[in-house]
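Listed here are the chains, written in short residue letters.
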Amino acid sequence: MEMYYPDEGIDLEPGVQELDGSKALQFCRFRSDGKGDLGRVDRQQAFLVALKEEMFQAGTLLKIPEICTAVMSNMQTDFTGTQMLEILLQLKNGVDFQTYQPDAIPDYKDDISYVFTTEKGQRLIDALVSFDDIPSDIKATTDKVDVTPDGAESNNNSDTTGE
């Protein structure tokens, strides 16, 4: 699908391609696909998986000091260099992204993307943000992206009830 939204400076052709920083940001910010913010979340997760795979290729590993210098000079954080390296090494060992899709309706109102939750959807959100158990009457759909240390990924859709 062509990603074209000139008001936001987004202009990407369809197909597999290597993205520079500007185009990666366009890819992650695009939401004019009928899915609004939910589609954008899917793209952001796909980007993180691809970034992780790229980061741990042999040629990229040799550039880690240069990459760290560029990152640290373009952001403010209270993380130390050692803490950043620890996070990077944890990423190398694998990341498990898991998202729950609450009962909700993506929609646009006055050209702004919204997600309107149902009462059940809101109860699921409340349980997740407070780290409570999912209520037993809610069947929650999860999209799980497993990024294993060898760079393989798998998408697993599963249903959980009161997990």
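So, here's what we can say about the structure.

Conventions adopted
Residues numbered from 1 in each chain as written. Predicted model: local features only at pLDDT ≥ 70, side-chain atom pairs only at ≥ 80, totals over all residues. Heavy atoms only, no water. Salt bridge = Lys/Arg side-chain N within 4 Å of Asp/Glu carboxyl O. Helix = DSSP H or I, 4+ residues; strand = E, 2+ residues; numbered from the N terminus. Buried < 20%, exposed > 50% of the residue type's maximum accessible area, 1.4 Å probe, protein only. Patch = residues over 30% accessible without salt bridge, like charges linked within 9 Å, V, L, I, M, F, W, Y side chains within 5 Å. Areas by Shrake-Rupley, 256 points an atom, 1.4 Å probe, with all protein chains shown as cover. Pairing = 2+ DSSP bridges. Contact = heavy atoms within 4.5 Å. Polar contact = N/O pair within 3.5 Å; in protein donor to acceptor, adjacent residues only side chain to side chain.

**A look at the pattern of salt bridges**
(1) Moving on: For the structure shown, the criterion picks out 4 salt bridges.
(2) Moving on: Put simply, Asp137 and Arg123 hold a salt bridge, and the shortest N to O gap is 2.6 Å. Separated by 14 residues along the polypeptide, Asp137 in the loop between α6 (119–129) and β6 (139–147) and Arg123 in helix α6 bring together distant segments of the chain.
(3) Moving on: Overall, the relative accessible area of 40% leaves Asp137 in the partly exposed class.
(4) Moving on: By relative accessible area, Arg123 is classed as partly exposed at 27%.
(5) Moving on: Overlapping salt bridges, with partners in common, bring together Glu119, Arg123 and Asp137 in one network.

**Re a nonpolar patch on the surface**
(1) Moving on: Judged by side-chain polarity, Ile105, Ile112, Tyr114 and Phe116 come together as a nonpolar surface patch covering roughly 370 Å² of accessible area.
(2) Moving on: At 3 residues, the largest contribution of residues to the nonpolar patch is made by strand β5 (residues 112–117).
(3) Moving on: Among the secondary structure elements, Ile112 is positioned in strand β5.

**Here's the deal with the pairing of β5**
(1) Moving on: Relative to β5, strand β4 (residues 104–109) is paired through 6 bridges, and the arrangement is antiparallel. Note on β5: the bridge partner recorded for Tyr108 is Ser113.
(2) Moving on: The antiparallel hairpin formed by β4 and β5 contains 2 residues in its connecting segment, where Asp110 sits at a positive phi of about 55 degrees.

**Focus on the environment of Asp33**
(1) Moving on: Residue placement: Asp33 occurs in the loop between α1 (21–29) and α2 (36–55).
(2) Moving on: You can call Asp33 partly exposed: its relative accessible area is 22%.
(3) Moving on: Expressed as a C-alpha distance, the spacing of Asp33 and Tyr4, which sit 29 residues apart in the sequence, is 9.9 Å.
(4) Moving on: With near-sequence residues (within four places) excluded, Asp33 lies in contact with Met1, Gly39 and Arg43.
(5) Moving on: At a separation of 2.8 Å, a polar atom in the side chain of Asp33 contacts the side chain of Arg43.

Everything listed here is a matter of geometry and, on its own, says nothing about what the molecule does.
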